[in-house]
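Next come the chains, spelled out residue by residue.
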Amino acid sequence: MISQLTQFLNALEIPADWIGLRATKESSTTRSVRDRVPETNGSSLTQGVMVEVLVKGQIGYAATNLLTFEGIQAAAAQAYRQALAASAWNIYSTSIEARPKVVGQYVSPLLKPFDALSPGEINQILTKITEELKISDQIVQTSATALTTETETWFVSTNGSEVYQHFFRIGTDYAATAQEGSVVQRRTNNGWLAACYQGGLEYFITPELWQRVQQVGEQAIELLNAEDCPSETTTLVLAPDQMLLQIHESVGHPLELDRILGDERNYAGGSFVKLQDFGNLVYGSPLMNITFDPTVSGEFASYSFDDTGAPATREYLIKDGILQRGVGSLESQARTGVKGVACARASSWNRPPIDRMANLNLEPGTKSFEEIIAGIDRGIYMESNRSWSIDDQRHKFQFSCEYAKRIEQGKLTTTLRNPNYRSITPQFWGGLVEVGDRSTWQMYGTPMCGKGEPNQAITVGHGSPVAVFANIEVFGGGA
(Lines give C-alpha, C1' and ligand atoms only; values in the text may rest on other atoms or scores of the structure.)
Protein backbone atom coordinates (compact mmCIF):
# COMPACT_ATOMS: atom_id res chain seq x y z
CA MET A 1 0.00 0.00 0.00
CA ILE A 2 2.88 2.41 0.73
CA SER A 3 4.23 2.07 -2.82
CA GLN A 4 0.76 2.48 -4.33
CA LEU A 5 0.02 5.59 -2.28
CA THR A 6 3.43 7.02 -3.19
CA GLN A 7 2.68 6.49 -6.89
CA PHE A 8 -0.67 8.27 -6.49
CA LEU A 9 1.00 11.07 -4.53
CA ASN A 10 3.68 11.64 -7.16
CA ALA A 11 1.08 11.77 -9.93
CA LEU A 12 -1.19 14.36 -8.25
CA GLU A 13 -1.53 17.59 -10.18
CA ILE A 14 -2.08 19.97 -7.28
CA PRO A 15 0.05 23.15 -6.82
CA ALA A 16 0.26 22.70 -3.04
CA ASP A 17 3.07 23.38 -0.59
CA TRP A 18 2.63 19.94 0.97
CA ILE A 19 0.31 16.93 0.52
CA GLY A 20 -0.25 13.94 2.78
CA LEU A 21 -2.23 10.75 2.19
CA ARG A 22 -3.42 8.64 5.15
CA ALA A 23 -5.08 5.36 4.17
CA THR A 24 -6.97 3.35 6.79
CA LYS A 25 -8.48 -0.13 6.73
CA GLU A 26 -10.43 -1.28 9.78
CA SER A 27 -12.38 -4.46 10.49
CA SER A 28 -14.28 -5.01 13.72
CA THR A 29 -16.61 -7.49 15.40
CA THR A 30 -19.15 -7.08 18.17
CA ARG A 31 -20.52 -10.12 19.98
CA SER A 32 -22.78 -9.98 23.02
CA VAL A 33 -24.97 -12.36 25.01
CA ARG A 34 -27.70 -11.47 27.48
CA ASP A 35 -29.13 -14.07 29.87
CA ARG A 36 -27.60 -16.92 27.82
CA VAL A 37 -29.23 -15.64 24.61
CA PRO A 38 -27.04 -14.21 21.79
CA GLU A 39 -27.93 -10.55 21.36
CA THR A 40 -25.42 -9.17 18.85
CA ASN A 41 -23.20 -10.83 16.26
CA GLY A 42 -21.95 -8.16 13.94
CA SER A 43 -18.92 -7.34 11.85
CA SER A 44 -17.91 -4.31 9.83
CA LEU A 45 -15.23 -3.25 7.39
CA THR A 46 -14.36 0.31 6.45
CA GLN A 47 -11.52 1.72 4.38
CA GLY A 48 -10.59 4.92 2.65
CA VAL A 49 -8.04 7.71 2.30
CA MET A 50 -7.82 11.13 3.93
CA VAL A 51 -6.02 13.75 1.84
CA GLU A 52 -4.39 16.74 3.52
CA VAL A 53 -3.24 19.71 1.44
CA LEU A 54 -1.22 22.66 2.75
CA VAL A 55 -1.70 25.88 0.77
CA LYS A 56 -0.75 29.41 1.87
CA GLY A 57 -0.49 28.36 5.50
CA GLN A 58 -3.87 26.58 5.59
CA ILE A 59 -4.65 22.86 5.55
CA GLY A 60 -7.58 21.56 3.57
CA TYR A 61 -9.04 18.08 4.09
CA ALA A 62 -11.02 15.73 1.88
CA ALA A 63 -11.61 11.99 2.12
CA THR A 64 -12.57 9.29 -0.34
CA ASN A 65 -13.37 5.59 -0.27
CA LEU A 66 -12.51 5.32 -3.97
CA LEU A 67 -9.04 3.80 -3.70
CA THR A 68 -8.08 4.80 -7.22
CA PHE A 69 -5.94 7.61 -8.58
CA GLU A 70 -9.06 9.33 -9.91
CA GLY A 71 -10.72 9.20 -6.48
CA ILE A 72 -7.66 10.54 -4.69
CA GLN A 73 -7.07 13.23 -7.34
CA ALA A 74 -10.65 14.46 -6.89
CA ALA A 75 -10.26 14.52 -3.09
CA ALA A 76 -6.94 16.36 -3.37
CA ALA A 77 -8.51 18.97 -5.64
CA GLN A 78 -11.35 19.46 -3.15
CA ALA A 79 -8.91 19.81 -0.24
CA TYR A 80 -6.86 22.31 -2.27
CA ARG A 81 -9.91 24.48 -2.95
CA GLN A 82 -10.84 24.31 0.73
CA ALA A 83 -7.39 25.40 1.89
CA LEU A 84 -7.23 28.17 -0.70
CA ALA A 85 -10.61 29.51 0.39
CA ALA A 86 -9.57 29.36 4.07
CA SER A 87 -6.41 31.36 3.36
CA ALA A 88 -8.53 34.46 2.78
CA TRP A 89 -9.72 34.24 6.39
CA ASN A 90 -6.39 33.28 7.92
CA ILE A 91 -6.23 33.36 11.73
CA TYR A 92 -3.02 31.35 12.07
CA SER A 93 -0.68 30.05 9.39
CA THR A 94 0.48 26.43 9.59
CA SER A 95 3.97 25.74 8.31
CA ILE A 96 5.39 22.54 6.85
CA GLU A 97 7.25 22.03 10.16
CA ALA A 98 3.94 20.76 11.54
CA ARG A 99 4.27 17.81 9.14
CA PRO A 100 7.86 16.58 9.52
CA LYS A 101 9.32 13.79 7.43
CA VAL A 102 9.07 10.46 9.29
CA VAL A 103 9.70 6.85 8.34
CA GLY A 104 8.81 3.86 10.50
CA GLN A 105 6.27 1.30 11.59
CA TYR A 106 4.41 -0.06 14.62
CA VAL A 107 2.60 -3.35 15.26
CA SER A 108 0.57 -4.18 18.37
CA PRO A 109 1.83 -7.06 20.52
CA LEU A 110 -0.26 -10.14 19.75
CA LEU A 111 -0.12 -13.54 21.46
CA LYS A 112 -3.42 -15.14 20.42
CA PRO A 113 -4.89 -13.97 17.09
CA PHE A 114 -8.57 -13.12 16.82
CA ASP A 115 -9.18 -16.07 14.50
CA ALA A 116 -7.76 -18.54 17.06
CA LEU A 117 -11.40 -18.99 18.14
CA SER A 118 -14.36 -19.25 15.78
CA PRO A 119 -17.34 -16.90 16.23
CA GLY A 120 -19.26 -19.88 17.62
CA GLU A 121 -16.57 -20.61 20.19
CA ILE A 122 -16.51 -16.97 21.30
CA ASN A 123 -20.29 -17.02 21.67
CA GLN A 124 -20.07 -20.21 23.72
CA ILE A 125 -17.66 -18.55 26.14
CA LEU A 126 -19.85 -15.44 26.39
CA THR A 127 -22.87 -17.65 27.04
CA LYS A 128 -21.01 -19.53 29.76
CA ILE A 129 -20.03 -16.23 31.38
CA THR A 130 -23.69 -15.21 31.62
CA GLU A 131 -24.49 -18.64 33.09
CA GLU A 132 -21.71 -18.43 35.68
CA LEU A 133 -22.69 -14.90 36.69
CA LYS A 134 -26.14 -16.12 37.75
CA ILE A 135 -25.06 -17.48 41.12
CA SER A 136 -28.52 -16.90 42.64
CA ASP A 137 -32.12 -16.29 41.68
CA GLN A 138 -31.52 -12.76 42.93
CA ILE A 139 -29.41 -12.21 39.80
CA VAL A 140 -32.10 -10.97 37.43
CA GLN A 141 -29.94 -10.15 34.41
CA THR A 142 -26.50 -11.09 33.11
CA SER A 143 -24.58 -9.93 30.06
CA ALA A 144 -21.23 -10.47 28.37
CA THR A 145 -19.61 -8.65 25.44
CA ALA A 146 -16.45 -9.00 23.36
CA LEU A 147 -15.28 -6.41 20.82
CA THR A 148 -12.34 -6.84 18.45
CA THR A 149 -10.82 -4.36 16.03
CA GLU A 150 -7.95 -4.69 13.56
CA THR A 151 -6.73 -1.43 12.05
CA GLU A 152 -4.03 -0.74 9.49
CA THR A 153 -2.88 2.76 8.54
CA TRP A 154 -0.45 3.91 5.86
CA PHE A 155 0.82 7.49 5.69
CA VAL A 156 2.90 9.11 2.94
CA SER A 157 3.68 12.73 2.18
CA THR A 158 5.39 14.88 -0.41
CA ASN A 159 8.32 15.53 1.95
CA GLY A 160 9.11 11.82 2.17
CA SER A 161 7.11 10.38 5.07
CA GLU A 162 6.38 6.63 4.99
CA VAL A 163 4.63 5.20 8.05
CA TYR A 164 2.83 1.89 8.52
CA GLN A 165 0.97 0.98 11.74
CA HIS A 166 -1.03 -2.19 12.51
CA PHE A 167 -3.25 -2.27 15.58
CA PHE A 168 -5.06 -5.17 17.25
CA ARG A 169 -7.51 -4.04 19.93
CA ILE A 170 -9.86 -6.00 22.15
CA GLY A 171 -12.44 -4.98 24.74
CA THR A 172 -14.49 -7.25 26.99
CA ASP A 173 -17.23 -6.64 29.50
CA TYR A 174 -19.56 -8.67 31.67
CA ALA A 175 -22.12 -7.66 34.27
CA ALA A 176 -24.65 -9.03 36.75
CA THR A 177 -27.73 -7.15 37.95
CA ALA A 178 -29.19 -8.23 41.30
CA GLN A 179 -32.56 -7.33 42.76
CA GLU A 180 -34.32 -7.78 46.07
CA GLY A 181 -37.61 -5.93 46.33
CA SER A 182 -37.03 -2.33 45.30
CA VAL A 183 -33.25 -2.58 45.69
CA VAL A 184 -31.35 -3.05 42.41
CA GLN A 185 -27.55 -3.26 42.14
CA ARG A 186 -25.37 -3.82 39.09
CA ARG A 187 -21.78 -5.03 39.24
CA THR A 188 -19.49 -5.11 36.22
CA ASN A 189 -15.95 -6.20 35.52
CA ASN A 190 -14.15 -2.95 36.41
CA GLY A 191 -16.83 -0.62 35.06
CA TRP A 192 -18.58 -0.79 31.71
CA LEU A 193 -16.14 -1.79 28.94
CA ALA A 194 -13.04 -0.69 30.85
CA ALA A 195 -11.11 -3.91 30.13
CA CYS A 196 -9.72 -2.68 26.79
CA TYR A 197 -6.24 -3.53 25.55
CA GLN A 198 -3.98 -3.84 22.53
CA GLY A 199 -3.42 -7.50 21.80
CA GLY A 200 -5.42 -10.59 21.01
CA LEU A 201 -7.65 -13.16 22.65
CA GLU A 202 -5.15 -13.55 25.49
CA TYR A 203 -7.01 -10.59 27.04
CA PHE A 204 -10.33 -12.46 26.69
CA ILE A 205 -9.45 -15.92 27.99
CA THR A 206 -7.32 -14.93 30.98
CA PRO A 207 -6.16 -17.25 33.77
CA GLU A 208 -8.37 -15.42 36.27
CA LEU A 209 -11.48 -15.17 34.05
CA TRP A 210 -13.78 -17.62 35.81
CA GLN A 211 -12.69 -16.57 39.28
CA ARG A 212 -13.43 -12.96 38.38
CA VAL A 213 -16.83 -13.89 36.87
CA GLN A 214 -17.72 -15.62 40.15
CA GLN A 215 -16.58 -12.57 42.13
CA VAL A 216 -18.67 -10.15 40.04
CA GLY A 217 -21.79 -12.26 40.64
CA GLU A 218 -21.09 -12.55 44.35
CA GLN A 219 -20.49 -8.82 44.74
CA ALA A 220 -23.77 -7.99 42.97
CA ILE A 221 -25.57 -10.06 45.64
CA GLU A 222 -23.40 -8.60 48.39
CA LEU A 223 -24.45 -5.07 47.43
CA LEU A 224 -28.16 -5.85 47.92
CA ASN A 225 -27.76 -6.03 51.69
CA ALA A 226 -24.99 -3.45 52.06
CA GLU A 227 -25.36 -0.11 53.81
CA ASP A 228 -25.58 3.04 51.75
CA CYS A 229 -22.37 5.04 51.57
CA PRO A 230 -22.39 7.61 54.40
CA SER A 231 -22.27 11.37 53.80
CA GLU A 232 -19.05 12.72 55.27
CA THR A 233 -15.69 14.27 54.48
CA THR A 234 -13.07 11.57 54.72
CA THR A 235 -10.03 9.86 53.22
CA LEU A 236 -10.90 8.39 49.82
CA VAL A 237 -9.02 5.49 48.28
CA LEU A 238 -9.65 4.88 44.58
CA ALA A 239 -8.90 1.65 42.73
CA PRO A 240 -7.18 1.85 39.31
CA ASP A 241 -10.44 1.09 37.49
CA GLN A 242 -11.97 4.29 38.91
CA MET A 243 -8.77 6.25 38.42
CA LEU A 244 -9.33 5.50 34.71
CA LEU A 245 -12.17 8.01 34.65
CA GLN A 246 -10.65 10.38 37.20
CA ILE A 247 -7.55 10.87 35.07
CA HIS A 248 -9.58 11.03 31.86
CA GLU A 249 -12.05 13.72 32.91
CA SER A 250 -10.06 15.88 35.33
CA VAL A 251 -6.61 15.73 33.68
CA GLY A 252 -6.85 14.56 30.07
CA HIS A 253 -9.63 16.76 28.73
CA PRO A 254 -8.62 19.95 30.57
CA LEU A 255 -5.10 19.76 29.11
CA GLU A 256 -6.15 19.52 25.43
CA LEU A 257 -4.62 22.60 23.81
CA ASP A 258 -7.31 23.00 21.16
CA ARG A 259 -9.93 22.97 23.93
CA ILE A 260 -7.98 25.64 25.85
CA LEU A 261 -7.85 27.68 22.62
CA GLY A 262 -11.63 27.48 22.40
CA ASP A 263 -12.11 24.99 19.57
CA GLU A 264 -14.44 22.78 21.65
CA ARG A 265 -16.50 25.34 23.55
CA ASN A 266 -19.61 25.10 21.42
CA TYR A 267 -19.65 21.30 21.73
CA ALA A 268 -17.87 19.83 24.74
CA GLY A 269 -16.78 22.88 26.73
CA GLY A 270 -13.50 24.57 27.49
CA SER A 271 -11.00 24.22 30.32
CA PHE A 272 -10.13 25.98 33.57
CA VAL A 273 -6.48 25.75 32.47
CA LYS A 274 -4.97 28.86 30.84
CA LEU A 275 -2.02 28.98 28.47
CA GLN A 276 0.06 30.88 31.03
CA ASP A 277 -0.46 28.02 33.52
CA PHE A 278 1.98 25.69 31.74
CA GLY A 279 5.19 25.53 33.74
CA ASN A 280 3.56 27.33 36.66
CA LEU A 281 0.23 25.84 37.81
CA VAL A 282 0.27 23.65 40.91
CA TYR A 283 -2.16 21.05 39.56
CA GLY A 284 -1.81 18.65 42.48
CA SER A 285 0.38 17.47 45.31
CA PRO A 286 4.07 16.61 44.74
CA LEU A 287 2.99 12.96 44.44
CA MET A 288 1.11 13.71 41.22
CA ASN A 289 3.10 12.57 38.19
CA ILE A 290 1.07 12.16 34.98
CA THR A 291 2.70 10.92 31.79
CA PHE A 292 1.54 10.86 28.19
CA ASP A 293 2.92 7.47 27.22
CA PRO A 294 2.01 5.80 23.91
CA THR A 295 4.93 3.39 24.40
CA VAL A 296 3.35 1.07 27.02
CA SER A 297 3.04 -2.45 25.62
CA GLY A 298 -0.57 -3.60 25.52
CA GLU A 299 -2.12 -0.32 26.62
CA PHE A 300 -5.15 0.61 24.52
CA ALA A 301 -3.82 3.75 22.83
CA SER A 302 -0.17 2.86 22.24
CA TYR A 303 1.41 3.82 18.91
CA SER A 304 4.69 5.02 17.42
CA PHE A 305 3.36 7.93 15.33
CA ASP A 306 0.26 10.08 15.52
CA ASP A 307 -1.94 10.53 12.45
CA THR A 308 0.12 13.43 11.13
CA GLY A 309 3.30 11.36 11.42
CA ALA A 310 4.72 13.00 14.55
CA PRO A 311 6.87 10.49 16.50
CA ALA A 312 5.27 9.52 19.82
CA THR A 313 7.41 9.69 22.97
CA ARG A 314 6.83 9.40 26.69
CA GLU A 315 6.48 12.85 28.23
CA TYR A 316 5.50 14.24 31.63
CA LEU A 317 2.36 16.36 31.47
CA ILE A 318 2.46 16.96 35.22
CA LYS A 319 5.62 16.38 37.25
CA ASP A 320 5.79 16.64 41.03
CA GLY A 321 2.38 18.31 40.88
CA ILE A 322 3.42 21.10 38.46
CA LEU A 323 1.80 21.40 35.02
CA GLN A 324 4.43 20.90 32.30
CA ARG A 325 2.88 20.14 28.89
CA GLY A 326 -0.40 20.17 27.08
CA VAL A 327 -2.19 17.47 25.12
CA GLY A 328 -1.52 19.30 21.88
CA SER A 329 -0.27 18.42 18.39
CA LEU A 330 2.53 20.18 16.53
CA GLU A 331 -0.07 22.57 15.08
CA SER A 332 -1.47 23.44 18.50
CA GLN A 333 2.03 23.78 19.94
CA ALA A 334 2.88 26.31 17.22
CA ARG A 335 -0.37 28.22 17.84
CA THR A 336 0.10 28.40 21.60
CA GLY A 337 3.84 28.34 22.19
CA VAL A 338 3.20 25.55 24.71
CA LYS A 339 5.03 22.22 24.64
CA GLY A 340 2.77 19.31 23.70
CA VAL A 341 2.91 15.70 22.55
CA ALA A 342 2.29 13.54 19.46
CA CYS A 343 -1.47 13.45 19.84
CA ALA A 344 -3.07 14.46 16.52
CA ARG A 345 -5.41 11.50 16.09
CA ALA A 346 -8.38 10.68 13.87
CA SER A 347 -11.11 8.14 14.56
CA SER A 348 -11.33 6.98 10.93
CA TRP A 349 -10.18 7.64 7.40
CA ASN A 350 -12.93 10.23 6.88
CA ARG A 351 -11.99 12.43 9.84
CA PRO A 352 -9.10 14.92 10.15
CA PRO A 353 -6.75 14.44 13.12
CA ILE A 354 -7.33 16.68 16.14
CA ASP A 355 -5.78 16.95 19.61
CA ARG A 356 -6.68 13.76 21.49
CA MET A 357 -5.60 11.86 24.54
CA ALA A 358 -3.78 8.57 24.08
CA ASN A 359 -2.32 6.78 27.12
CA LEU A 360 -2.40 9.12 30.13
CA ASN A 361 -1.02 7.42 33.22
CA LEU A 362 -0.49 8.20 36.88
CA GLU A 363 3.02 7.00 37.72
CA PRO A 364 3.37 4.61 40.68
CA GLY A 365 4.68 5.44 44.14
CA THR A 366 6.30 3.27 46.78
CA LYS A 367 3.62 1.64 48.98
CA SER A 368 1.77 -1.65 48.57
CA PHE A 369 -2.01 -1.84 48.82
CA GLU A 370 -1.73 -3.43 52.25
CA GLU A 371 0.58 -0.68 53.48
CA ILE A 372 -1.74 2.02 52.17
CA ILE A 373 -4.86 0.59 53.84
CA ALA A 374 -2.95 -0.09 57.08
CA GLY A 375 -2.05 3.59 57.31
CA ILE A 376 -5.65 4.83 57.22
CA ASP A 377 -7.62 5.09 60.45
CA ARG A 378 -10.93 5.96 58.78
CA GLY A 379 -11.86 6.20 55.12
CA ILE A 380 -13.68 4.68 52.15
CA TYR A 381 -12.32 2.58 49.30
CA MET A 382 -14.17 2.69 45.93
CA GLU A 383 -14.00 0.64 42.73
CA SER A 384 -15.45 0.75 39.19
CA ASN A 385 -17.14 3.81 37.75
CA ARG A 386 -20.91 3.83 37.45
CA SER A 387 -21.67 7.39 36.34
CA TRP A 388 -20.09 10.82 36.16
CA SER A 389 -20.77 14.52 35.80
CA ILE A 390 -18.27 17.33 35.25
CA ASP A 391 -18.79 20.97 34.29
CA ASP A 392 -17.82 22.36 30.90
CA GLN A 393 -14.61 23.86 32.30
CA ARG A 394 -13.54 20.47 33.72
CA HIS A 395 -13.46 22.02 37.16
CA LYS A 396 -16.26 20.73 39.41
CA PHE A 397 -17.13 17.04 39.22
CA GLN A 398 -19.21 14.31 40.81
CA PHE A 399 -18.52 10.61 40.25
CA SER A 400 -20.38 7.47 41.30
CA CYS A 401 -18.88 4.01 41.77
CA GLU A 402 -20.29 0.49 41.88
CA TYR A 403 -18.65 -0.92 44.97
CA ALA A 404 -17.09 0.41 48.17
CA LYS A 405 -15.66 -0.70 51.49
CA ARG A 406 -15.24 1.10 54.78
CA ILE A 407 -11.70 1.48 56.04
CA GLU A 408 -11.52 1.30 59.81
CA GLN A 409 -8.31 1.23 61.85
CA GLY A 410 -6.22 0.10 58.92
CA LYS A 411 -8.56 -2.60 57.62
CA LEU A 412 -11.22 -2.98 54.91
CA THR A 413 -14.44 -3.78 56.75
CA THR A 414 -18.10 -3.49 55.71
CA THR A 415 -19.32 -3.23 52.12
CA LEU A 416 -21.06 -0.01 51.03
CA ARG A 417 -23.40 0.52 48.08
CA ASN A 418 -24.21 3.60 46.00
CA PRO A 419 -20.88 5.35 46.77
CA ASN A 420 -20.32 8.82 45.33
CA TYR A 421 -17.75 11.57 45.73
CA ARG A 422 -17.43 15.17 44.58
CA SER A 423 -14.70 17.78 44.46
CA ILE A 424 -12.98 20.52 42.44
CA THR A 425 -10.10 19.42 40.22
CA PRO A 426 -7.10 21.33 41.72
CA GLN A 427 -8.28 20.80 45.31
CA PHE A 428 -8.87 17.10 44.64
CA TRP A 429 -5.44 16.46 43.16
CA GLY A 430 -3.91 18.71 45.80
CA GLY A 431 -5.22 16.21 48.33
CA LEU A 432 -3.31 13.29 46.79
CA VAL A 433 -1.49 11.92 49.85
CA GLU A 434 -0.48 8.38 48.86
CA VAL A 435 0.23 6.61 45.57
CA GLY A 436 0.48 2.84 45.35
CA ASP A 437 3.53 1.04 44.06
CA ARG A 438 3.95 -0.86 40.79
CA SER A 439 2.20 -3.92 42.25
CA THR A 440 -1.02 -1.87 42.48
CA TRP A 441 -0.67 -0.32 38.99
CA GLN A 442 -3.21 -1.51 36.42
CA MET A 443 -4.16 -0.27 32.96
CA TYR A 444 -7.61 0.05 31.46
CA GLY A 445 -9.12 1.91 28.52
CA THR A 446 -12.19 2.95 26.59
CA PRO A 447 -13.07 2.97 22.87
CA MET A 448 -15.57 5.81 23.26
CA CYS A 449 -13.83 9.05 24.15
CA GLY A 450 -15.91 11.58 22.23
CA LYS A 451 -14.79 14.94 20.86
CA GLY A 452 -15.05 17.11 17.77
CA GLU A 453 -17.73 18.07 15.27
CA PRO A 454 -18.67 15.78 13.64
CA ASN A 455 -18.04 13.60 16.67
CA GLN A 456 -14.99 11.35 16.76
CA ALA A 457 -15.12 8.42 19.21
CA ILE A 458 -11.57 7.26 19.79
CA THR A 459 -9.54 4.83 21.90
CA VAL A 460 -7.71 6.00 25.02
CA GLY A 461 -5.81 4.17 27.75
CA HIS A 462 -5.25 5.05 31.39
CA GLY A 463 -2.97 3.27 33.82
CA SER A 464 -2.83 4.02 37.52
CA PRO A 465 -1.91 2.62 40.90
CA VAL A 466 -4.24 2.78 43.88
CA ALA A 467 -4.43 6.43 44.98
CA VAL A 468 -5.40 8.08 48.27
CA PHE A 469 -7.02 11.52 48.56
CA ALA A 470 -7.53 13.45 51.81
CA ASN A 471 -10.62 15.39 52.91
CA ILE A 472 -12.96 14.36 50.11
CA GLU A 473 -16.74 14.73 50.33
CA VAL A 474 -18.43 11.35 49.88
CA PHE A 475 -22.12 10.56 49.96
CA GLY A 476 -24.66 7.86 49.21
CA GLY A 477 -27.64 7.60 46.89
CA GLY A 478 -28.45 6.06 43.52
CA ALA A 479 -26.83 7.33 40.34
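## Overview of the pairing of strand β5 (residues 139-157)
Counted residue by residue, β5 has 14 buried out of 19 residues, so it is predominantly covered. The pairing of strand β1 (residues 18-34) with β5 spans 15 bridges and is classified as antiparallel. Residue pairing in the sheet places Arg34 in a bridge with Ser143 of β5. Examined bridge by bridge, β5 and strand β6 (residues 162-180) share 17 bridges and lie antiparallel to one another. Across the sheet, Glu152 pairs through a bridge with His166, a residue of β6. Taking the residues between adjacent antiparallel strands as the criterion, β5 and β6 are bridged by four residues, where Gly160 takes a positive phi near 100 degrees.

## Focus: helix α3 (residues 119-133)
Along its 15 residues, α3 runs 21 Å from first to last C-alpha, staying within 8% of the 21 Å computed at 1.5 Å per residue. Of all the positions in α3, only Ile122, Asn123, Ile125, Leu126, Thr127, Ile129, Thr130 and Leu133 are classed as buried. Against β1, β2 (37-55), β5, β6 and α4 (209-224) lie the buried residues of α3.

## Looking at the pattern of salt bridges
One pass over the structure, following the stated rule, counts 20 salt bridges. We note a salt bridge from Arg335 to Asp263, for which the minimum N-O separation is 3.3 Å. You can see Arg335 sitting in helix α7 (residues 330-336) and its partner Asp263 sitting in the loop between α6 (257-261) and β11 (290-292), a full 72 residues away along the chain. A relative accessible area of 39% places Asp263 in the partly exposed class. Note that Glu363 and Arg314 form a salt bridge whose closest N and O atoms lie 2.9 Å from each other. Remark: Arg314 occurs in the loop between β11 and β12 (315-319) and Glu363 occurs in the loop between β16 (360-362) and α8 (369-374); sequence separation between them is 49 residues. Each of Glu256, Asp258, Arg259 and Lys451 takes part in a single network of salt bridges with overlapping partners.

## A word on the environment of Ile247
Inspection of the secondary structure puts Ile247 in helix α5 (residues 240-252). For the pair Ile247 and Ile472, spaced 225 residues apart in the sequence, the C-alpha separation amounts to 16 Å. Beyond its immediate stretch of four places on either side in the chain, Ile247 contacts Gly252, Leu360, Leu362, Trp429, His462, Gly463 and Ser464.

## Brief notes about the nonpolar core
With 55 residues, the main nonpolar core has Tyr283, Met382, Tyr421 and Trp429 as its most contacted residues. Trp429 has contacts with Met243, Gln246, Ile247, Ser250, Val251, Tyr283, Gly284, Ser285, Met288 and Phe469, leaving out every residue within four places of it along the chain.

## Quick notes on the packing of helix α1 (residues 2-11) against helix α2 (residues 69-87)
Remark: α1 packs on α2, axes separated minimally by 10 Å, with the N-to-C direction vectors making an angle of 50 degrees. The orientation of α1 relative to α2 falls into the category oblique. Relative to α2, α1 is oriented so that their crossing is right-handed. When α1 is examined against α2, the residues Leu5, Phe8 and Ala11 are found in contact with a partner set consisting of Phe69, Ile72 and Gln73. Its residues assigned to classes, the contact of α1 with α2 shows five nonpolar, one polar and no charged.

What counts, and where the lines are drawn
- Residues numbered from 1 in each chain as written.
- Predicted model: local features only at pLDDT ≥ 70, side-chain atom pairs only at ≥ 80, totals over all residues.
- Heavy atoms only, no water.
- Buried < 20%, exposed > 50% of the residue type's maximum accessible area, 1.4 Å probe, protein only.
- Helix = DSSP H or I, 4+ residues; strand = E, 2+ residues; numbered from the N terminus.
- Pairing = 2+ DSSP bridges.
- Expected span 1.5 Å × (residues − 1).
- Contact = heavy atoms within 4.5 Å.
- Salt bridge = Lys/Arg side-chain N within 4 Å of Asp/Glu carboxyl O.
- Core = buried A, V, L, I, M, F, W, Y, C linked by side-chain atoms within 4.5 Å.
- Axes fitted to C-alpha atoms, helices over the stretch in contact; angles between N-to-C directions.
- Parallel < 35°, antiparallel > 145°, perpendicular 65-115°, else oblique.
- Left-handed = near helix turned anticlockwise from the far one by under 90°.
- Nonpolar A, V, L, I, M, F, W, Y, C, P; charged D, E, K, R; others polar.

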